[in-house]
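Structural overview for review
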Amino acid sequence: MNSRYLIPLACALALGSTACSKTEPESVAEEPDTAAEENPFFQPSLLVFGAPQFDKIKDEHYSPAFERGFAEQIAEIEAIAYNAAAPTFENTLRPLDAS
């Protein structure tokens, strides 16, 4: 596939499900969760480069971390899709890349 089509295709796939919807974006729930308090992925790390403390991570910590990450990225992509300003590189592709 020609590389000049790759970025528009990726944007179309990422925004496809949210751009077609007429509803307002949903915000990520900020409910306090006792399990989240114990999850090392959700705790600030004092290690070099902010790396998680892998010695404290258990198998059951991964799923909630993935779910929270998915929800945060969906919210960021919805914010891009629902931006009322005309799409530009600065307000579309840079935030998509950072999401």
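To be clear, the structure that these remarks concern was listed above.
A few points on the structure.

What counts, and where the lines are drawn
- The numbering scheme is per chain: residues are counted from 1 as the chain's sequence reads.
- Only residues with pLDDT of at least 70 get local features here, since the model is predicted, and only at 80 or more are side-chain atom pairs given and counted; chain-wide, interface and lining totals rely on the full set of residues.
- Just so you know, side-chain values use all the structure's heavy atoms and leave hydrogens and water out.
- Per the convention used, a helix needs a DSSP run of H or I reaching at least four residues, while a strand needs a run of E reaching at least two, with both numbered from the N terminus.
- Each residue after the first adds 1.5 Å to the expected span of a helix.
- In this scheme, a residue with accessible area under 20% of its type's maximum is buried, one over 50% is exposed, and one in between is partly exposed, where area comes from a 1.4 Å probe on protein chains only.
- Within this document, salt bridges are pairs made up of a side-chain nitrogen of Lys or Arg and a carboxyl oxygen of Asp or Glu, the two lying within 4 Å of each other.
- Any two of the Phe, Tyr and Trp rings considered here, Trp counted by its six-membered ring, make a pair once their centres fall within 6.5 Å; the pair's planes then place it as stacked at under 30 degrees, edge-to-face at over 60, or tilted in between.
- A positively charged side chain is recorded as over a ring if its NZ (Lys) or CZ (Arg) lies within 6 Å of the ring centre. The angle to the ring normal must also be within 35 degrees.

If you check helix α3 (residues 62–81), its first and last C-alpha atoms are 28 Å apart, about what 20 residues at 1.5 Å a residue would give, namely 28 Å. Turning to α3, its buried residues are Ala65, Ile77, Glu78 and Ile80.

All right, on to unusual backbone geometry then. Of note, phenylalanine 49 is a non-glycine position whose phi angle comes to about 65°, a positive value. Looking at the element boundaries, phenylalanine 49 is found in the loop between α2 (34–38) and α3.

Attention now goes to the pattern of salt bridges. Scanning the entire structure with this criterion turns up one salt bridge. Of the charged contacts, one joins glutamate 90 and arginine 94 as a salt bridge, the two residues approaching to 2.8 Å between their closest N and O atoms. With a gap of four residues between them, glutamate 90 and arginine 94 both fall in helix α4 (residues 89–98), about one helical turn apart. Its relative accessible area of 48% is what places arginine 94 among the partly exposed residues.

The geometry of an aromatic ring pair is captured by the separation of the ring centres together with the interplanar angle, meaning the angle of the planes. One pass over the structure, following the stated rule, counts three aromatic pairs. Taking 6.2 Å as the distance between ring centres and 15° as the angle between the ring planes, the aromatic pair formed by phenylalanine 66 and phenylalanine 70 counts as stacked. Note that phenylalanine 66 and phenylalanine 70 are positioned in helix α3 at a spacing of four residues, about one turn of the helix. Taken together through their ring pairs, the aromatic side chains of Phe41, Tyr62, Phe66 and Phe70 make up a single cluster. Over the aromatic face of phenylalanine 42 sits the side chain of arginine 68, whose NZ or CZ is 3.6 Å from the ring centroid.

Structural measurements only, silent on function.
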